[in-house]
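# Tertiary structure, described
Here is what each chain is made of, one letter per residue.
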Amino acid sequence: MSSDSVNDNTNSPSAVDLSPPRKYRKIEDNSTVPQRESIIVSVKQNMAQNGKKANEAAIDESLYSRQLYVLGADAMRRMGASNILISGMKGLGIEITKNVVLAGVKSVTVHDSKACAHEDLSSQYFLSESDVGKNRAEVSAPRISELNSYVPVEPYTGDLTDDFLVNFQVVVLTESSPAEQKRIGTFCHTKGIRLIVAETRGLFGMLFCDFGDKFVVYDTNGEQELSVMLSAITVNDKGEGIVACMDEARHGFESGDYVTFTEVKGMTELNGCQPRKINVMGPYTFNIGDVSGLSSYKGGGVAVQVKMPAEVSFKSLPDAMLEPEFVMTDFAKFERPGQLHIGFQALHAFVQQKGYLPAPRNKDDAAFVYNLAEEINSGLPDSAKVEKLDADLMRSLSYNARGDLCPMQAVIGSIAAQEVMKACSGKFHPIKQFLYFDALECMPEDDSVIDESSCKATGARYDSQTAVFGRKFQEELSRQKWFVVGSGAIGCELLKNFAMIGLGCADSTQKDNGGKIYVTDMDVIEKSNLNRQFLFRPWDVQKLKSECAAQAVKSMNPQARITAHQNRVGRETEKVYHDDFMESLDGVANALDNVNARVYMDRRCVYYRKPLLESGTLGTKGNVQVVLPHATESYSSSQDPPEKSIPICTLKNFPNAIEHTLQWARDEFEGLFKQPPEAANQYLSDAKFIEKTAKLPGMEPISTIEGVHASLVTQRPKSYADCVAWARLRFQEQYHNNICQLLHNFPPDQKTSSGAMFWSGPKRCPHPIKFDSANETHLQYVTSAANLRAEIYGINERLSKEKVASDVLPAIIVPEFVARSGVKIAVTDAEAQADSQSGYSDDGKFEAVCKMIPSRESFGKFKLSPIDFEKDDDTNFHMDFIVAASNLRGENYEIAPADRLKSKLIAGKIIPAIATTTSLVAGLVSLELYKIVQGHKKIEPYKNGFINLALPFFGFSEPLPAPKQKYYDTEWSLWDRIDVDGIELAKEGRSEMTLGEFMDYFQNELKLEITMLSQDVAMIYSFFMDPKKRKERLATKLSEVVQKVSKKKLQPHEKAIVMEICCNDKDGEDVEVPYVRYVFRH
């Protein structure tokens, strides 16, 4: 398929006339080259693409890799053939468009007939002050198109006629009247065009989907297909097959799932059979139906889940209005959807009669809306009618009608964009059919503090936000100081939301320092980031994330006051993020991608008693956690279960899944290209290296020193040909010799002591591989390993694969393998663990190897270059080696190979990601920020969120309160501590308390006897310590004791020391108390 042909809209004879003009990308010499207009990139005739046919279309994996892991290639291709119309370019429309363009559809047409107004600037981040009065679609289109050069974006300002609509596969309406929604809805339903209607009103939002009478969903949940190894298939008296799983492994299937089979012995008719519907009998067994005509089962087999297409039927918009089906967004508001279904109709009726939306806080308009709602409700059939209207809710909806909040647009816009992607691809279950959402908890606890006058428009960019919250709240927002940690996917979305709502935008005055947003991120921008980190553009690649993000949001809101840092958060940067910095903050928003940094920031927030907004995503799943001082538990209060590790013996000798071979290949990479050159460099730079190595546990001393000897002496290459020879011999060792030795120890017909076959169940019997230079994978292994080896030693010579195969490999002498007797191979993890921990008693060999290594001085300035694994650079040979090494081992054990994309996911431990989930999570975080700034003291209004856009599922719950403990009559939680000011409490004439005075203070003032006192890992005091040492320490200033014992100097930015204490109460009983914060410097 050519890049031109994928842009032809075959659904419409007039498509050629409406196609967007060809786009061009600037290049360095200021000339231009044609830019492809689809995510589908034509593959050159002779280019290998992971085994695909030569002319088969591929997807730009360097851009879409993280999204591909969520959606899959088939769904991406279906999206790449879809033309999308999005009508209405205010904040909601632009949020939907942004996410759809990032996702990579064939084309997007943005429609709007209206001009930009000041109030649009509160949430439409691609408009500016200079655009006021210009058409919103025409101004926005070129800015949107920068997000993804593969997706043409065309503005349209005319009427949405039937002839125009037929050019699109999906139509999205965000600002249409009810009459136009129904007209377009009826037309789209008739023509098979998917329709989405989205709308927000302040803190309220709604969504409607109609994907036609027979919409096919290819994958309802997006979860990985399950597979399980079988231990038996028995036949019951009805002739049905009862499958039992291996080793009590839970299968995870549900009744109604479909499975097929591989590797079944005996009952071979099941292998590759048509998917069978199963009935779950228990966690380890399931029924596969009639097997009476099949052969007898002998053993083995794997059951593999098969995703079956499901058909979903939708009503047209006019019909669905009368028989609504709702997707719940908050189970604590079970009656809310039915109420809001009528309320939104009442708002439309108000506009139809009055010609304008209800004014903020206008009681007469609110009463009119309520009366309209009553009238509408009374005329509805029972299927849509509510028993009693909620007058307070209708009033709030009226008060919010003119609101336009960026966080709400992020929530509803991201959900709508995901529905567009579902409509294009059939991937994930769509919303059926109405979704209503509100965040009224963001309003002040006392709603009466906001009056009509404080919500009136003044021509300011925040008018649509003050319409909801009033000007006083806007002023409070502008004075806030927040720290955003990370400017990746979530960080970009948070910074956009924070800037658009005016967080920290107040200038400094004589009264205060104004507001501020600080952002830190040490990373640079990679191409793969551009698919979901929407603040970055192709020309930003390799620039610093934090700086580019700060500049981007300043262009969205010139009033934004953002300072960008490039620091990693941790102990090493506490001199930057010191007491004064942290104490000046109003809160912290984490946008991090690792648990350690999250835990660190969580502990910092607990220590400084600052609110923390925590969030994360995994594909279509996302979560939000609110951490509130003195109220909730912290992020660290609960932990995810540890990742299930692969047993050592499985990795070394008995792999049965591609995950095992990929982890083995990663270990091989580290053991060949990183650890040995690092050890050799340590030998070259550290005079005490051998002394330190000798003290290592188990077999490490001899293995380490032998590695250094090999790296610097016996296996040090002098040419690229030497590197090729080394790689060829490594191939022979790993994929032939070691396998032959394994089969020598455990022949294919080996039986266990119980008479069972050794090679059965999870143990797959391997076979050795004979090297073939004509085999692409064999050659890829040798050339990639040789190139990496040459890089380590600074050898610049390189040869093509063809030259390696024709000129170098034939000259390499490969020794014949001879099996060795007495070689012990671990069969269980316990044996493998024992082998690794057993000491090496032959000290003479260690010393002999040490003597064979020339002196450090003889190497001069020679250094090796250890290689750190980098998965995203397709030119560095890292993934070439991993893919080849893993698939060759898979071939040894007859495990199906993995392509480069899947290998990168598993070996690189990539977190699948998609822009819609990120945007939704950031929107929810920003709604929680509203509540924090409002000053809500109760836990109830706050919401921890758990969402899955694939299902779709939305779950919200109150944050868990911090657990309480008690000593004497003092109740405390993780937020409490014992503050001791060592300067103020020091005896007269002293500059600081001694350790003894500190102990006396606890004894006399708190009635607590300290038995042990520690700071970090240093034991400052214990009741069992040497009396002489104790006496000396008790008479010394506490800060000096800490420095002496910890052997660490207290830094100038440090004002306090955190210590843990063990103590007894007055009855001599152990008692739990908070940690101690000891101030030694003012």
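### Quick word on helix α14 (residues 471-478)
Every buried residue of α14 is accounted for by F473, Q474, L477 and S478. Each buried residue of α14 sits inside an arc of 140° when the element is viewed along its axis, so together they form one side. Buried residues along α14 sit in contact with α13 (463-469), α15 (489-501) and α31 (915-934).

### Structural notes on the packing of helix α24 (residues 720-745) against helix α25 (residues 776-792)
Between α24 and α25, whose axes approach to 8 Å, the crossing angle comes to 130°. By the criterion of interaxial angle, the relationship of α24 to α25 is oblique. Crossing angle aside, the handedness with which α24 passes α25 is right-handed. Residues Y720, C723, V724, W726, A727, R728, R730, F731 and Y735 of α24 lie in contact with α25, whose contacting residues are H778, Y781, V782, T783, A785, A786, N787, R789 and A790. Taken together, the residues of the contact of α24 with α25 break down into 12 nonpolar, three polar and three charged.

### Some details on the sheet that holds strand β10 (residues 204-210)
As summarised here, the arrangement of the eight strands in space is β7-β6-β5-β8-β9-β10-β21-β20, forming an open sheet in which the pairing is mixed. The open sheet terminates on both sides in strands that have one partner only, identified here as β7 (153-156) and β20 (326-327). Sheet topology note: the β20/strand β21 (residues 434-438) ladder contains two bridges and is parallel. In the strand pairing of β21, F326 is matched with F434. Helix-sheet contacts for helix α4 (residues 91-103) involve β5 (83-87), β6 (107-111), β7, β8 (170-173) and β9 (194-201), and the interaxial angle to β5 is about 165°. The strands touched by helix α9 (residues 336-354) are β9, β10, β20 and β21; relative to β21, the strand with the most contacts, the crossing angle is about 90°.

### Let's talk about the pairing of strand β24 (residues 562-565)
In this sheet, β24 lies alongside strand β23 (residues 516-520) in parallel orientation, the contact comprising four bridges. Paired with V519 across the bridge in β24 is A564. In the classification by handedness, the crossover that spans β23, the intervening helix α16 (residues 545-556) and the parallel β24 is right-handed.

### So, empty space enclosed by the protein
Counted under the stated rule, the structure contains three cavities of 30 Å³ or more. Lining the largest cavity are 20 residues; nearest its centre among them are D330, K333, F437, D438 and F956. Those elements giving two or more residues to the lining of the largest cavity turn out to be α9, β21 and α31. Counting residues per element, the lining of the largest cavity draws most heavily on α31, which supplies four residues. A per-class count over the lining of the largest cavity returns 10 nonpolar, two polar and eight charged.

### With respect to the pattern of salt bridges
Tallied over the entire structure, the rule returns 54 salt bridges. Notably, a salt bridge pairs R143 with D131, separated by 2.7 Å at the nearest N-O pair. Of this pair, R143 sits in helix α5 (residues 136-145) while D131 sits in the loop between β6 and α5, placing them 12 residues apart in sequence. A salt bridge links K621 to E223; the nearest nitrogen and oxygen atoms lie 2.9 Å apart. Of this pair, K621 sits in strand β27 (residues 621-627) while E223 is found in the loop between β11 (215-217) and β12 (227-235), placing the two residues 398 residues apart along the sequence.

### Digging into the packing of α15 against α31
Here α15 crosses α31 at 45°, and the two axes come no closer than 9 Å. Viewed along their axes, α15 and α31 adopt a mutual orientation that is oblique. The interaxial crossing formed by α15 with α31 has right-handed handedness. Residues A489, I490, E493, L494, N497, F498 and I501 of α15 lie in contact with α31, whose contacting residues are T918, S919, V921, A922, G923, V925, S926, L929 and Y930. Classifying every residue of the contact of α15 with α31 by side-chain character gives 10 nonpolar, five polar and one charged.

### Regarding unusual backbone geometry
Along the chain, K432 connects to Q433 via a cis peptide bond; the corresponding omega equals -15°. Within the fold, Q433 resides in the loop between α12 (406-425) and β21. Positive phi is not limited to glycine here, since K1047 has a value of about 60°. In this fold, K1047 is placed in the loop between α34 (1038-1046) and β35 (1056-1064). Look at K1047 and you get exposed, because its relative accessible area is 75%.

### Let's talk about the nonpolar core
In terms of nonpolar packing, the biggest core is built from 167 residues, with V171, L203, F437, L535 and L927 touching the most fellow members. Residues in contact with L535, not counting those within four places in the same chain, are C492, L495, D540, A549, A552, V553 and M556. Counting residues in hydrophobic clusters, the runner-up holds 70 residues, among them L742, I853, I867 and F881.

### Here's the deal with the environment of E733
Within the element layout of this structure, E733 appears in helix α24. Between the alpha carbons of E733 and F817 there is a distance of 9.0 Å; along the sequence they are 84 residues apart.

### Some points on the confidence of the model for the protein
Taken over all residues, the pLDDT of the protein has a mean of 92, while the share at 70 or more is 94%. In the model, residues 1-56 has pLDDT below 50 throughout and makes 94 contacts with residues more than four positions away in sequence or in other chains.

### A closer look at the environment of N590
Positionally, N590 belongs in strand β25 (residues 587-590). Between the C-alpha atom of N590 and that of G491, which follows or precedes it by 99 residues, the distance is 7.9 Å. Apart from the residues lying within four places of it in its own chain, the contact partners of N590 are V485, L494, R598, M601, L612, L613, E614 and S615.

### Brief notes about the pairing of strand β33 (residues 1009-1015)
Within β33, five of the seven residues are buried, leaving the element largely enclosed by the surrounding structure. Bridging between β33 and β35 involves five bridges; their strand directions are antiparallel. Each residue of the ladder has a partner; that of I1010, found in β35, is C1063. Across four bridges, β33 lies against strand β34 (residues 1018-1022) in antiparallel orientation. Paired with S1014 across the two strands is M1019, which belongs to β34. Hairpin remark: β33 followed by β34, antiparallel, with two residues in the connecting loop; positive phi at D1016, about 55°.

### Observations concerning the side chain of Q305
Structurally, the position occupied by Q305 is in strand β18 (residues 302-306). In terms of polar contacts, Q305 uses its side chain to reach the side chain of D257, at 3.5 Å. Ignoring any residue separated from it by four or fewer positions in sequence, one finds Q305 in contact with Q224, E225, L226, F253, D257, Y258 and V259.

Thresholds, definitions, all that
Along each chain, numbering runs from 1 in the same order as the chain's sequence is written. Local features are withheld for residues below a pLDDT of 70 in this predicted model, meaning they are given only at 70 or higher, and side-chain atom pairs are given and counted only at 80 or more; totals for whole chains, interfaces and linings count all residues. Note that the side-chain values use all heavy atoms of the structure and ignore hydrogens as well as water. Only protein chains enter the calculation, and the probe is 1.4 Å; a residue is then buried if its accessible area is under 20% of its type maximum, exposed if over 50%, and partly exposed in between. Helix and strand assignments follow DSSP, with helices taken as H or I runs no shorter than four residues and strands as E runs no shorter than two, numbered in order from the N terminus. Note that the arc is computed from the directions linking the helix axis to the C-beta atoms. What makes two residues a contact is simply this: any of their non-hydrogen atoms within 4.5 Å. What counts as an axis is a line fitted to C-alpha atoms, over the stretch in contact for a helix, and the angles between N-to-C directions run from 0 to 180 degrees. Angle categories: roughly parallel below 35 degrees, roughly antiparallel above 145, roughly perpendicular from 65 to 115, and oblique for all the rest. Handedness of a crossing is defined here by the sense of rotation of the near helix relative to the far one, left-handed for an anticlockwise turn of less than a right angle and right-handed for a clockwise turn. In the scheme used here, Gly and all other residues not listed as nonpolar or charged are polar, with Ala, Val, Leu, Ile, Met, Phe, Trp, Tyr, Cys and Pro taken as nonpolar and Asp, Glu, Lys and Arg as charged. Two strands pair if DSSP finds at least two bridges between them. Consider the strands pointing away from the viewer: the crossover is right-handed when the path from the first strand over the helix to the second runs clockwise. Using a 1 Å grid laid over the protein atoms alone, points where a 1.4 Å probe fits but cannot get out form a cavity; open sets with protein on both sides within 12 Å along at least 5 of 7 lines form a pocket; any residue with an atom within 4 Å of a point counts as lining. Grid points are joined across faces, edges and corners, and a volume is the space filled by probe spheres set on the points. Only one rule defines a salt bridge in this text: a Lys or Arg side-chain nitrogen within 4 Å of an Asp or Glu carboxyl oxygen. Think of a nonpolar core as a cluster: buried Ala, Val, Leu, Ile, Met, Phe, Trp, Tyr and Cys residues, connected wherever their side-chain atoms sit within 4.5 Å. Scored from 0 to 100, pLDDT reflects the predictor's confidence in each residue. Pairs of N or O atoms within 3.5 Å make up the polar contacts considered here, provided that, within protein, one atom can donate a hydrogen while the other can accept it, and that residues adjacent in sequence are counted only when both atoms are side-chain atoms.

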